[in-house]
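What follows is each chain in one-letter form.
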Amino acid sequence: MHTCAQTICAAFGREDLLEDMKKQSGGRADGGTCGALHAAMHLAGDDAPQIEEAFRTALGATRCRELKGGDPPVPCQLCVKTAAELLEKLFESKA
């Protein structure tokens, strides 16, 4: 079973990042960023700010604590789904 950050990396064929991303989940990424978002931004490279802004627009926050503490709280599954969809759209637009 993967963490949120690992799930994003695995879904995009980056198994080489799984061990490092394990440490970035559960709000432990820089600044408390959602792990799924952190992984998506890592994979997006120079387009990371675009992913971050789209994630914030979609879910209302980027930090794990804010997402989980909202009313209603945002489930991890939705964070992972949103991050994956945004990353997929980014990659499709570059193809």
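Here the structure is a predicted model, which is why all the values come from computation and not from measurement.

What counts as what
Residues numbered from 1 in each chain as written. Predicted model: local features only at pLDDT ≥ 70, side-chain atom pairs only at ≥ 80, totals over all residues. Heavy atoms only, no water. Buried < 20%, exposed > 50% of the residue type's maximum accessible area, 1.4 Å probe, protein only. Helix = DSSP H or I, 4+ residues; strand = E, 2+ residues; numbered from the N terminus. Salt bridge = Lys/Arg side-chain N within 4 Å of Asp/Glu carboxyl O. Core = buried A, V, L, I, M, F, W, Y, C linked by side-chain atoms within 4.5 Å. Contact = heavy atoms within 4.5 Å.

J.: Help me out: how do you make sense of helix H1 (residues 4-11) in this one?
T.: Because an α-helix packs 3.6 residues into every turn, residues spaced three or four apart end up facing the same way. Among the residues of H1, Cys4, Ala5, Gln6, Ile8 and Cys9 are the ones counted as buried. With its phi angle positive at about 70°, Gly13 sits one or two positions after the end of H1.

J.: I would appreciate a short explanation of the pattern of salt bridges in the present structure.
T.: Two side chains of opposite charge can pair, provided their charged atoms sit close to one another. Enumeration over the complete set of coordinates arrives at six salt bridges. A salt bridge links Asp16 to Arg14, with the shortest nitrogen-to-oxygen separation between them at 2.8 Å. In this structure Asp16 comes out as exposed when scored by relative accessible area, which is 56%.

J.: How do you make sense of the nonpolar core when you look at a structure like this?
T.: Most often, soluble globular proteins keep nonpolar side chains buried together rather than apart. Core analysis: the biggest nonpolar cluster contains 28 residues, and Ile8, Ile51, Phe55, Leu67 and Leu87 have the highest contact counts within it. Examining the composition of this core, we find that seven residues originate from one element, helix H3 (residues 35-44), more than from any other. Setting aside residues no more than four positions away along its own chain, Phe55 makes contact with Cys34, Leu37, Gly60, Ala61, Thr62, Leu67, Cys79, Thr82, Ala83 and Leu86.

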